[in-house]
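The lines below spell out each chain.
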Amino acid sequence: MNYHSPASFAEASALAENADGVTRFLAGGTDVLVQLRADIVTPDTLIDIKKIDGVSDITQNDDGSWTLGVAVTGAEMTEHASLSRDWPGVVEAMDLVGSTQVQGRATLTGNLCNGSPAADSVPAMVAAGVTVTVTGADGSREVAVGDIPTGPGRTSLAKGELVSAVNIPARGDNAGDAYLRFIPRTEMDIAVVGVAVSLRLDGDTVTEARVSLGAVAPTVLLVQECADAIIGSTLDDAALDALAAAASAACNPITDKRGTVEFRTDVAGVLAKRAAKIAYARAKGETVKGDHA
Amino acid sequence: MALDDRKSDFTFVGTRPDRPDGLDKVTGRAKFGADAVAPGMLFGAIVRSPHAHARIVKIDTSKAEAMKGVKAVVTRADFATGLTGEFWNVQENVMAGDTALYDGHAVAAVAATSALDARDAAKLIEVEYEVLPHVTDVDKAMAADAPVIRDGTADGSVPEGMHPNVVRYHESGHGDVAAGFAEADLVIEDSFKTEATHQGYIEPHACLASLGADGKGELWCTTQGHWYAQKHCAALLGIETSQLRVTASEIGGGFGGKTTVFIEPVALALSRKANRPVKLVMSRSEVLRATGPTSSTSMDVKIGMKKDGTITAAEGVFRLQGGAFPGAPMEFTAMCAFAPYALENVRQVGYDVIANRPKQAAYRAPGSPMAAFAVESVIDLLCQELDLDPVEVRLKNASKKGTKASYGPRFDDIGLVECLEAARDHPHYSAPLEQGQGRGISCGFWFNHGGETSVSLALSEDGTVQVSVGTPDIGGSRASMALMASETLGIPYENIRVTIADTATLGYNDVSHGSRVTYASGLATIKAAQAAIAEMCKRAAAKWGIPEDAVKWEDGCAVPSGPNAGDFEPLAMADITADMGATGGPISGHFEATPEGAGVSFGVHIVDAQVDPETGKTSIPRYTVIQDAGKAVHPAYVEGQFQGGAAQGIGWALNEEYIYGEDGRLQNAVFLDYRIPVASDLPMIDTVIVEVPNPGHPYGVRGVGETGIVPPLAAIANAVSRAAGVRMHELPMSPPRILAALKADG
Amino acid sequence: MSKIHVTTTVNGDETEFLCDPRETLLDVLRDRLNLTGAKEGCGTGDCGACSVTIDGRLVCSCLVLGAEAEGKEIATVEGIAEGDTLHPLQRKFIEHAALQCGICTPGILVAAKSLLEKNPNPTETEVRYWLAGNLCRCTGYDKIIRAVMDAATEMREAS
């Protein structure tokens, strides 16, 4: 295995472009090193992107949107008060990934590019409308987060391409987001089901909504029927029931060591309701704690 | 004072001093299994079967042997031949012979100059397998169409007509159960299953081995019993037992799982072949795939009860799958099942079943927690049906002194009634429950154990004391030994240093298991101290010119035994030891025996469970452990044993399980998916230490390590079943299982 | 395969080592620098026994490459005591019998120290969640949590 720590994304891209065999980018390393230790993937080329300028920066742009460097850790996001105020669902989703120790290393970009349908931050990013900047030999392009994973362990990134920034939209007024996941313990597990809701209100009425489900299909889902179930409502019981039904109907899960088809389908509906209530309360300006202490 | 009088007033025993190894363990300097190095050391790696059951057609080691840095490759051909009995079973498990019997079974090993090279070389060893049909479930392994795993393994106890995978049979009990059931107002019969769990010690198996062609060797390893390791390694390598010196490292948890050998014989074989020391350390996934989990079980229990709560008869059938080798502790399951209750009519049957899983190993009260789950669940059902208080019913039927135990003998002094009364009177038992919560209780029983024990105690010139024991300290036992020695000798705790001696410096010691250490090594420490006291009294008598029996030992001094003995100033220990070289030579005490009076142990747990009816997720808001310790030598470590047992039981009840795929491969061989409780899963665990002295120990000590894991499975099942309103029959009670039960119940 | 030269600081001491690109920081600490206080319980970041801090940030050293230590400040359990004076957490762990076998203790001490530096007055729940990545199989966590809370109290009173 060859280890490189390039000083720019262009250099990183060129290294990857010209490498033979298996190439991996190293940001937080919390997936790459696990795969290495377990002999699942031993890359021929490992490109550490943490020496690139600006990769640890969290920047709020003039229009209120956010740009996060690709090596920003979960812990750095959680410690960032105004990012947490704007996008509590995204920040909490990232915070749910692994332990305190893992939070010291793990990144949104890594969570996304690992390609796991159960990645906690991905539904939250999809619901939030987050995009990533992808840099390759031909320059950079902006891609919706939902278009990066193409199946378990697979992404749409071409050889020589890598994510070079995470772009979170401006939050705007009267809006809130939330992410909830189901795990059998209180910590340390991979999501059995994950649900993210981002919505905007006009008065008491939901005017915009995006609902995303994780761990219930080969990739994270953005479910328009879920959004439709609550848009125009005040999140009354009927709307919540419709939301739950739409979430369950959208599931296309598998039975595995972490849960059954039936369980995932049922719990997706339960969590959709609970997450929507939290997002709604946040849009009303209330401070609501998420799942995490 | 007559030496054998049982003490009841204590100066040191029952206090909570700092443990002697505390400083080493908070500074990182304590040396565990993987922390040792030797000059010229190589690193080993093991090749393991990816198949649940496969004939090994061919092993080609040539590519690995040709790799730079590789110094030795071993297969089964490098071990002794002609072994029988348990030696043969251990050898088969340590390194497969003709057949790989489970996913993770070792088939070859390599030693190289670095750990990375060893791992790379292991990948170059090519093994050709012929895959055979497999079975991993206990009920399926007993079915007529199950593949035969190792024909001819069954012993003479198995009734005719059973599948060859049933390898041992047990039956015991007394009275007439049919007549007993006829007397009952209500009889409930139900079936239960539990999945295998792993001991989950945080330290993987690790060793450093050195063996020469001359048959002399050194082994450093993390183990609960280094004499066991010595005996088995010597047999497997074909060397003389005494030529192998084994030193126990600090041990990072065992809970029964380190009572046997896995990698140690392999490291020795590699070392012998390379003629260099070899370090071998398991990965977590190797630990989960290839070391001993518990048995999985399938159980039927039938209990008859009168309206007033009197149990009229009880019957249980317990089927235990223990991996591809005989030895599942089904007789313990059967014998422990009804032990808490005074029953006139009781019968229990056990089956030991082999399947394509790793060889089970002991795990804290092996076999007993599963039995309690089945039996105490049925008692809870009876209480619900007959509208009776669960503690009162258990009190009404509780075993006490003189009760003929369900497994045969009559109980001596036991503390079950005291534990149940403490439960009834504990504020937890009467505290109001919140919406969605249920409360469960359960009794638990473990035999406790004595075992072969040797202790040596040497006095230094300055009047301080070195105690050498042979039972690895898993949870603070050096502190307990020092307390008992200081109590006996009448000198401060700090003046005593307790060491875990290696196999070359002390007589044989049974493994640290069966809750035996504080009892047996403690008893031997007291007896060894008494032997040293006798010698010190003799020296004082000589100095004073009076008969030996005119001297007694009091508060750390030799004093005349009475006014007639003469008027002499007390001689402190240090006064005697200062010139012991001149008064007859060094003074030591030692004791070797197999003590039989371990004194059985009972406990009662109270637990509240909260079940989320929409997701089936359970949380444990409150937990109380009540257990008879006989006499708590170091109460903080007794509480720690209670709490640790409860926490492991919570994991077993709720989320821990071995998950095998259709292909017979273990699917969750990492801590991510083998879900042991984390800090945020648990509440504070309240403890009540009941002390009903054990007549078999000078200070009344009973072992406390194991009983703590017996009640939780049942207590939590009872709490969850009451909270959810639906009876749970299968462990773990994972959220999908609870939600499915809730939905099936409508 | 060529090795990587790394210059780093461990517990305040400048250190150099050569490592294979595949070696983790944990491998380097244990096998090359002889600092065996950090333990490998899983190798996958699930048990926390290998906890160290890098530039003050709590991490699992099994999930960091040795090569990534270049120019960093590493702190391990061996650096917690100052000379012969134990850190309050170390004292409280002994006093509260917060360890049985002791294999998880180094990682828990490093993690707890990191918590108290960030949050000197944590609630029981905060301690439990912060330490959720540090598995202990012996104690049921009760005495560990008490020891951390008690150390926090003492440290607050002393400051």
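Values in this document were obtained by computation on a predicted structure and should not be read as measured data. (Residues numbered from 1 in each chain as written. Chains lettered and ligands numbered in written order. Predicted model: local features only at pLDDT ≥ 70, side-chain atom pairs only at ≥ 80, totals over all residues. Heavy atoms only, no water.)

1. Brief notes about the interface of chain C and chain B
- With 44 residues of chain C at the interface, the matching set in chain B holds 52 residues.
- Of the roughly 4100 Å² buried where chain C meets chain B, counting both sides, 59% is carbon and sulfur surface.
- Broken down residue by residue, the surface that chain C buries against chain B is led by C:Ile94, C:Gln100 and C:Arg137, which jointly contribute 21%.
- Here chain C and chain B share 5 salt bridges between them.
- Taken together, the links from chain C to chain B amount to 23 residue pairs in polar contact (both at pLDDT 80 or more).
- Mapped by element, the contributors of at least two residues to the side of chain C that touches chain B are α2 (88-95), α3 (105-118), α4 (124-130) and α5 (142-158) of chain C.
- Here the residues of the side of chain C that touches chain B are counted per class, giving 20 nonpolar, 9 polar and 15 charged. (Contact = heavy atoms within 4.5 Å. Buried area = accessible area lost by both parts, 1.4 Å probe. Salt bridge = Lys/Arg side-chain N within 4 Å of Asp/Glu carboxyl O. Polar contact = N/O pair within 3.5 Å; in protein donor to acceptor, adjacent residues only side chain to side chain. Helix = DSSP H or I, 4+ residues; strand = E, 2+ residues; numbered from the N terminus. Nonpolar A, V, L, I, M, F, W, Y, C, P; charged D, E, K, R; others polar.)

2. As for the pairing of strand β5 (residues 106-112) of chain B
Residues and elements named next belong to chain B.
- Burial analysis of β5 places 7 of its 7 residues in the buried class, the great majority of the element.
- Where strand β3 (residues 70-74) meets β5, 4 bridges bridge the pair, whose relative direction is antiparallel. If you follow Val 70 over to β5, its bridge partner there is Ala 112. (Buried < 20%, exposed > 50% of the residue type's maximum accessible area, 1.4 Å probe, protein only. Pairing = 2+ DSSP bridges.)

3. Description of the sheet that holds strand β2 (residues 54-60) of chain B
Residue and element names in this part refer to chain B.
- If you trace the 3 strands from one edge of the open sheet to the other, you get β4-β2-β6, paired in antiparallel fashion. What marks the edges here is a single partner per strand, and that holds for β4 (99-100) and β6 (126-131).
- Across 6 bridges, the pairing between β2 and β6 is antiparallel. Pairing of Ile 56 across the sheet is with Tyr 129, part of β6.

4. Some words on the packing of helix α11 (residues 368-386) of chain B against helix α20 (residues 711-724) of chain B
All names here are of chain B.
- Running from N to C, α11 and α20 cross one another at 35°; their axes reach a closest spacing of 7 Å. Read as a crossing pair, α11 and α20 show a hand that is right-handed. Contact with α11, carried on its side by Pro 369, Met 370, Ala 372, Phe 373, Glu 376, Ser 377, Asp 380, Cys 383 and Gln 384, involves Leu 713, Ala 714, Ala 717, Asn 718 and Arg 722 of α20 and no other residues of that element.
- Residues belonging to the contact of α11 with α20 are distributed by class as follows: 8 nonpolar, 3 polar and 3 charged. (Axes fitted to C-alpha atoms, helices over the stretch in contact; angles between N-to-C directions. Left-handed = near helix turned anticlockwise from the far one by under 90°.)

5. Overview of the pattern of salt bridges
- Counted under the stated rule, the structure contains 78 salt bridges over all chains.
- The salt bridge involving B:Asp35 is made with C:Lys39; its shortest N-O contact spans 2.4 Å. With one member in each of two chains, B:Asp35 in the loop between α1 (22-27) and β1 (42-48) and C:Lys39 in the loop between α1 (25-32) and β3 (51-54) form a pair that bridges those chains. Neither B:Asp35 nor C:Lys39 differs from the other in exposure class; each is buried.
- Across the pair B:Lys123 and B:Asp120 runs a salt bridge, and its minimum N-O distance is 3.5 Å. Residue B:Lys123 and its partner B:Asp120 are located together in helix α4 (residues 115-124), separated by 3 residues, close to a single helical turn.
- Overall, the relative accessible area of 45% leaves B:Lys123 in the partly exposed class.
- One continuous salt-bridge network, built from bridges that share partners, spans A:Asp39, B:Arg119, B:Asp120, B:Lys123, C:Asp20 and C:Arg22.

6. Looking at the UniProt feature "domain: FAD-binding PCMH-type" (unreviewed entry) in chain A
- Following the UniProt record, one finds the feature "domain: FAD-binding PCMH-type" (unreviewed entry) at residues 1-173 of chain A.
- Annotated as residues 1-173 of chain A, this span is 31% helix and 24% strand, and its ends, taken at the C-alpha atoms, are 49 Å apart. (UniProt positions renumbered as here; feature names shortened; annotations may be inferred.)

7. Topic: the interface of chain A and chain C
- Listed per partner, the contact involves 30 residues of chain A and 31 residues of chain C.
- Note on chain A versus chain C: buried area summed over both sides is about 2400 Å², and carbon and sulfur give 63% of it.
- Area buried by chain A at its contact with chain C is led by A:Met1, A:Thr100 and A:Gln101, which between them contribute 26% of it.
- At the boundary of chain A with chain C, the tally comes to 5 salt bridges.
- Linking A:Arg105 and C:Glu68 is a salt bridge whose minimum nitrogen-to-oxygen distance equals 2.9 Å.

8. Describing the domain arrangement of chain C
All names here are of chain C.
- You can read the domains of chain C as domain 1 (4-79) and domain 2 (88-158).
- The C-alpha-based centres of domain 1 and domain 2 are spaced at 22 Å.
- Listed per partner, the contact involves 12 residues of domain 1 and 12 residues of domain 2.
- Between domain 1 and domain 2, roughly 920 Å² of surface is buried when both sides are summed, and carbon and sulfur atoms account for 65% of that area.
- Counting the contacts that link domain 1 with domain 2 gives 0 salt bridges.
- Linking domain 1 with domain 2 are 3 residue pairs in polar contact (both at pLDDT 80 or more).
- No other element matches the 3 residues that β3 contributes to the side of domain 1 that touches domain 2.
- Across the side of domain 1 that touches domain 2, the residue classes tally to 5 nonpolar, 5 polar and 2 charged. (Domains from an automatic or database assignment.)

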